[in-house]
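An overview of the molecular structure
The primary structure of each chain is shown beneath.
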Amino acid sequence: MPTSSASTTDSAKSSSGGVQSLERAFDLLERMADAGGEVGLSELSASSGLPLPTIHRLMRTLVACGYVRQQSNRRYALGPRLIRLGESSARLLGTWARPYLARLVEETGETANMALLDGDEIVYVAQVPSKHSMRMFTEVGRRVLPHSTGVGKALLAAFPDAEVRALLARTGMPAATDRTITTPEGFLAALEEVRTAGYAVDDSEQEIGVRCLAVPVPDSPTAAAISISGPAGRVTESATGKIVPVLQQVAAELSEVLSNPGGTTV
């Protein structure tokens, strides 16, 4: 009996050590993503609190698996094998969101969308169309620049102004319509309005005659927002007051699902 007990304890320690290594490896990948995708070992050590030998051992394993690449400058960058994982998880994210978007359509009558911030672009990952004969349609997978969209404003409102300016400098601010915001100062002012109001508006800035209301999904594992869009004649100022609380409630419920490590069934 004592031998069996000691064996069980050793096994538990071994199992715990293995899980800890996985947790540390994923933590390093997330820290790399937060740092822009490329980082040095000393930076990872400073931010994670792990000793350099531990980080070096974990990074060596991640490099061997293709999830990290070592650059010629000896810094480490996220590797190409993560792309396949990211594309698959984005598709699943859209699948999980669809029942919530369907509820938005039922309660607001307008087309509901979910979008992510992918690099410097907005990508739409899910949509449930309105039942109206006149309705909005955005192809899932479509990419747009964030400065002309409600979801873009909702997502970038969480970023510091300096990061927003840097993004706008990289993408430019082309006008999709004559109502598109085309200056950094104008866009930063709009983001301040989003922070104050708790929701974002695209008022014919992406397409003439189309009005969109959007809110972020809090605590989402990746920056995500949901929105409704419809003709400006239906998505009026008076309708906004009724629609926004529904958007915020659905976003909160979706957040619980996405932030639950064990998963949940709708």
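Residues numbered from 1 in each chain as written. Predicted model: local features only at pLDDT ≥ 70, side-chain atom pairs only at ≥ 80, totals over all residues. Heavy atoms only, no water.

1. Observations regarding the confidence of the model for the protein chain
Here the protein chain averages 85 in pLDDT, while 87% of its residues score no lower than 70. Overall, residues 1–17 carries pLDDT values under 50, and its contacts beyond four positions in sequence, including any with other chains, amount to zero contacts. (pLDDT = per-residue confidence, 0-100. Contact = heavy atoms within 4.5 Å.)

2. What about the sheet that holds strand E4 (residues 111–118)?
Here six strands make up an open sheet; going across it, the order is E6-E5-E4-E9-E8-E7 and the pairing antiparallel. What marks the edges here is a single partner per strand, and that holds for strand E6 (143–144) and strand E7 (200–203). Taken together, the two bridges between strand E5 (residues 121–128) and E6 define a ladder with antiparallel strand orientation. Note on E6: the bridge partner recorded for Ile122 is Val144. In the packing of helix H8 (residues 237–258) onto the sheet, contacts are made with E4, strand E8 (210–216) and strand E9 (224–231), and the angle to E8 comes to roughly 40 degrees. (Pairing = 2+ DSSP bridges. Helix = DSSP H or I, 4+ residues; strand = E, 2+ residues; numbered from the N terminus. Axes fitted to C-alpha atoms, helices over the stretch in contact; angles between N-to-C directions.)

3. A few points about the sheet that holds strand E1 (residues 38–39)
As summarised here, the arrangement of the three strands in space is E1-E3-E2, forming an open sheet in which the pairing is antiparallel. Here the strands that pair on one side only, and so sit at the sheet edges, are E1 and strand E2 (68–70). Both E2 and strand E3 (residues 76–78) contribute to a ladder of three bridges, which runs antiparallel. When the sheet's bridge partners are listed, Gln70 is paired in E3 with Tyr76. Helix H3 (residues 52–65) contacts E2 and E3 of the sheet and is inclined by roughly 105 degrees relative to E2.

4. So, the pattern of salt bridges
Tallied over the entire structure, the rule returns 17 salt bridges. A salt bridge links Arg75 to Glu43; the shortest N-O distance between them is 2.5 Å. Of this pair, Arg75 sits in the loop between E2 and E3 while Glu43 sits in helix H2 (residues 41–48), and the two are 32 residues apart along the sequence. With a relative accessible area of 26%, Arg75 lands in the partly exposed category. A salt bridge links Glu107 to Arg103; the nearest nitrogen and oxygen atoms lie 3.2 Å apart. Of this pair, Glu107 and Arg103 both sit in helix H4 (residues 81–108), four residues apart, which is roughly one turn of that helix. A relative accessible area of 45% places Glu107 in the partly exposed class. (Salt bridge = Lys/Arg side-chain N within 4 Å of Asp/Glu carboxyl O. Buried < 20%, exposed > 50% of the residue type's maximum accessible area, 1.4 Å probe, protein only.)

5. Here's the deal with the packing of helix H6 (residues 161–171) against helix H7 (residues 184–197)
Contact geometry for H6 and H7: axes closest at 11 Å, N-to-C directions at 135 degrees. The orientation of H6 with respect to H7, classified from their angle, is oblique. In this structure, the crossing between H6 and H7 has a hand that is right-handed. Of the residues in H7, those touching H6 at Asp161, Val164, Arg165 and Leu168 are Pro184, Glu185, Phe187, Leu188, Leu191 and Arg195. Across the contact of H6 with H7, the residue classes tally to six nonpolar, no polar and four charged. (Parallel < 35°, antiparallel > 145°, perpendicular 65-115°, else oblique. Left-handed = near helix turned anticlockwise from the far one by under 90°. Nonpolar A, V, L, I, M, F, W, Y, C, P; charged D, E, K, R; others polar.)

6. Some thoughts on the environment of Leu188
In this fold, Leu188 is placed in helix H7. Note: C-alpha distance between Leu188 and Arg165 (23 residues apart in sequence) is 8.3 Å. With near-sequence residues (within four places) excluded, Leu188 lies in contact with Asp161, Val164 and Arg165.

7. Considering the nonpolar core
Of all hydrophobic cores here, the largest spans 30 residues; its most connected members are Leu101, Leu104, Met114, Ile226, Ile228, Leu247 and Leu254. Broken down by secondary-structure element, the contributors of at least two residues to this core are H4, E4, E5, E8, E9 and H8. Top contributing element to this core by residue count: H8, with ten residues. The contact partners of Leu254, leaving out residues within four places of it in the chain, are Trp96, Ala97, Tyr100, Met114, Val217 and Ile226. Among the nonpolar cores identified, the runner-up in size contains 23 residues, and Tyr124, Val151, Ala154 and Met173 belong to it. (Core = buried A, V, L, I, M, F, W, Y, C linked by side-chain atoms within 4.5 Å.)

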